[in-house]
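# Topology and contacts: notes
Letter by letter, the chains look like this.
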Amino acid sequence: LEDQYSGKVTHFVSWCWGYTLEDFASAVRTWLRRSSLNAEDVFLWVCFFCNNKYRIMDSGGTKTGSDELKAVFETHLAEAGQMLVLLDRVLSPTYIQRAWCIFECYVCIEQEFSMNIILSESTEADFTDALNKRFLQQVRESLNAL
């Protein structure tokens, strides 16, 4: 990796396997566009690129693997000092069904680090659409009650 594309981590990205690359990239783009951050100053920690959870867990049948995984995660989150939580959808997200993701949030909250939820453009549009439909339904019901 060329030096211009590497730097001290600024944000830890918490996400789930199974998300599409399109949704991942869209969520990061949308977050960057809305933030006051310069993209050239943002360096993301994404576990997929940085550590192999399965290799760490395979430590010859000892518990050391899982202990090491926890320590590796906590170290990298602390280096970033803030976490981006990527959701695939707002209603019943895959994220909250994953114990490791809940653990990442727990550690982030316990350590009092900043946490922001990021959404892809399509997920955000779906959520906005759902809010608008429910809002309009509530307005209709209120007007019908008059």
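Presented here is a report on the structure given in the accompanying data block. (Residues numbered from 1 in each chain as written. Predicted model: local features only at pLDDT ≥ 70, side-chain atom pairs only at ≥ 80, totals over all residues. Heavy atoms only, no water.)

Here we come to the overall build of the protein chain. When helices and strands are counted, the protein chain shows 6 helices and 4 strands. For the protein chain, the α and β elements follow one another from N to C terminus as β-α-β-α-α-α-β-α-β-α. Put simply, the protein chain has 146 residues, and 32% of those count as buried. In the protein chain, 74% of the contacts between residues at least 6 apart in sequence involve partners at least 24 apart. With an accessible surface of roughly 9,800 Å², the protein chain has 55% of that area assigned to carbon and sulfur atoms. (Helix = DSSP H or I, 4+ residues; strand = E, 2+ residues; numbered from the N terminus. Buried < 20%, exposed > 50% of the residue type's maximum accessible area, 1.4 Å probe, protein only. Contact = heavy atoms within 4.5 Å. Areas by Shrake-Rupley, 256 points an atom, 1.4 Å probe, with all protein chains shown as cover.)

The 4 strands lie next to each other as β2-β1-β3-β4, forming an open sheet whose pairing is parallel. Strands with a single pairing partner mark the edges of an open sheet, and in this sheet they are β2 (44-46) and β4 (114-119). Pairwise comparison of adjacent strand axes, ignoring direction, gives a mean angle of 30° for this sheet. For strand β1 (residues 11-14) and strand β3 (residues 82-87), the ladder comprises 3 bridges, and the chain directions are parallel. Along β3, the bridge assignment pairs phenylalanine 12 with methionine 83. Its contacts with the sheet place helix α1 (residues 21-34) against β1, β2, β3 and β4, and it is angled at close to 120° to β4. (Pairing = 2+ DSSP bridges. Axes fitted to C-alpha atoms, helices over the stretch in contact; angles between N-to-C directions.)

Turning our attention to the pairing of β1. Here β1 shows no split at all, with His11 and Val13 on one side and Phe12 and Ser14 on the other all buried. Where β1 lies against β2, 3 bridges are found, and the strand directions are parallel. Its bridge partner being in β2, phenylalanine 12 is matched across the sheet by tryptophan 45.

With that settled, the discussion passes to the environment of leucine 32. Of note, leucine 32 is situated in helix α1. With 86 residues separating them along the chain, leucine 32 and isoleucine 118 place their C-alpha atoms 9.8 Å apart.

Among the surface-exposed residues, Phe135, Leu136, Val139 and Leu143 lie close enough to one another that they form a single nonpolar patch of about 370 Å² accessible area. Mapped onto the secondary structure, valine 139 falls in helix α6 (residues 121-144). (Patch = residues over 30% accessible without salt bridge, like charges linked within 9 Å, V, L, I, M, F, W, Y side chains within 5 Å. Salt bridge = Lys/Arg side-chain N within 4 Å of Asp/Glu carboxyl O.)

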